[in-house]
Amino acid sequence: MTPANDSTASRMRSLYALHRSLSVSITAIQSRLRLSGTNRLRYALHGGQRLLFNALLAFTFLFLVALMFLNPPAKSGTINPKADFIITVTWPDNNPDDIDTWVEGPAGQLVWFKQPQAGLLHLDRDDRGLANDSLVVDGRAVVNPLNQEVVTLRGRPPGEYVVNVHYYNSKTLLPVPVTISLAEVNPALKILHYATLQLDRLGEEKTALRFNIAPDGQVFDINTLPKSIVEVRKL
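The model shown is predicted, which means the values in this text are computed figures rather than measured ones.

Thresholds applied
- Residues numbered from 1 in each chain as written.
- Predicted model: local features only at pLDDT ≥ 70, side-chain atom pairs only at ≥ 80, totals over all residues.
- Heavy atoms only, no water.
- Core = buried A, V, L, I, M, F, W, Y, C linked by side-chain atoms within 4.5 Å.
- Buried < 20%, exposed > 50% of the residue type's maximum accessible area, 1.4 Å probe, protein only.
- Helix = DSSP H or I, 4+ residues; strand = E, 2+ residues; numbered from the N terminus.
- Contact = heavy atoms within 4.5 Å.
- Phe/Tyr/Trp six-rings, centres within 6.5 Å; stacked < 30°, edge-to-face > 60°.
- Patch = residues over 30% accessible without salt bridge, like charges linked within 9 Å, V, L, I, M, F, W, Y side chains within 5 Å.
- Areas by Shrake-Rupley, 256 points an atom, 1.4 Å probe, with all protein chains shown as cover.
- Salt bridge = Lys/Arg side-chain N within 4 Å of Asp/Glu carboxyl O.
- Pairing = 2+ DSSP bridges.
- pLDDT = per-residue confidence, 0-100.

A look at the nonpolar core
Phase 1: By size, the foremost hydrophobic cluster in this structure holds 15 residues, and its most contacted members are Ile87, Leu121 and Phe211.
Phase 2: Secondary structure elements with two or more residues in this core: β1 (85-91), β5 (121-125), β8 (147-153), β9 (159-169) and β12 (205-213).
Phase 3: It is β12 that provides the largest number of residues to this core, a total of 3 residues.
Phase 4: Among all residues touching Ile87, those that are not within four sequence positions of it are Val103, Glu149, Val150, Val151, Val163, Ser181, Leu182 and Phe211.
Phase 5: Residues Ile99, Val165, Val176 and Leu199 belong to the second largest nonpolar core, which totals 11 residues.

Observations regarding the packing of aromatic side chains
Phase 1: The final tally for this structure, using the stated rule, is 5 aromatic pairs.
Phase 2: Where Phe113 meets Tyr168, the ring centres are 5.3 Å apart and the plane angle is 65 degrees; that geometry is what we call edge-to-face. Here the residue Phe113 occupies a position in the loop between β3 (110-111) and β4 (117-118), and Tyr168 occupies one in strand β9, the gap between them amounting to 55 residues.
Phase 3: Judged by its relative accessible area of 24%, Phe113 is partly exposed.
Phase 4: Judged by relative accessible area, Tyr168 falls into the partly exposed class, the value being 33%.
Phase 5: Ring plane angle 10 degrees and centroid distance 5.2 Å describe the contact between Tyr161 and Phe211, whose orientation is recorded as stacked. Here Phe211 lies in strand β12 and Tyr161 lies in strand β9, a separation of 50 residues in the sequence.
Phase 6: Members of the aromatic cluster, each reached through a chain of ring pairs, are Trp102, Trp112, Phe113 and Tyr168.

Remarks on a nonpolar patch on the surface
Phase 1: Taken together, the side chains of Leu189, Ile191 and Tyr194 make up a nonpolar region of the molecular surface, amounting to roughly 350 Å² of accessible area.
Phase 2: In this fold, Tyr194 is placed in strand β11 (residues 190-199).
Phase 3: Under the relative-accessibility criterion, Tyr194 is labelled exposed at 62%.

Some thoughts on the sheet that holds strand β10 (residues 176-184)
Phase 1: Overall, antiparallel pairing links the 6 strands, which are arranged β4-β5-β8-β1-β10-β11 in an open sheet. Across the chains shown, the open sheet's two edge strands, defined by having one partner strand only, are β4 and β11.
Phase 2: With 9 bridges connecting them, β10 and β11 associate as antiparallel partners. Its bridge partner being in β11, Val176 is matched across the sheet by Leu199.

Quick look at the confidence of the model for the protein chain
Phase 1: Across the protein chain, the average pLDDT comes to 78, with 59% of residues at 70 or higher.
Phase 2: Note that residues 41-45 has pLDDT below 50 and, in this model, 10 contacts with residues that lie over four places away or in other chains.
Phase 3: Considering only residues more than four positions removed or in separate chains, one finds that residues 72-80, a stretch of pLDDT under 50, has 12 contacts.

Put into structure tokens, the structure is as follows:
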């Protein structure tokens, strides 16, 4: 059963328990009124008051059903993406410069903008600064200011992974601060690494992150020892 189904089933069990509790409470009220010894109350319970109690019970139950389904319980820190790890590279919003992400896997396979998939590594988003970041909506140009590249690892193959950033193209010819994060996202979100470095000039390459995955799937030996993996001849 999926987490969503588990959550729905849990809410339905809670509603059923609440319904039984309300039913028992109203039955108890009716019994106390019957025990009052007056024929007027006894007959009323078989008539209008009993109908009123049942209507109130039904209304309360339906209201709580709607409330619980409109406001599902929050799931703190738990997500269900199609990945085990997410590598995110960002640089300042509205910056027109193009920063590229390169990732090398344990077998030497490379993921970059011309090869967005290699085994279980996927470049899910290649950002080119402000290039291709505008969209015309109702005759108006809407610009997405976010500069972000995302690489996912959809599994836990053991070995070392190297993440480099490359100052591929520049409109400003200025240094660019670049932030790199490594997040383990299954079974729950956990930030394993978060840091910022600076690319000073066009064409510069820096190692942003290196990490190892053990045969049991655990991450160890996170470091930033430099290693060049950008194949300039292929650019």
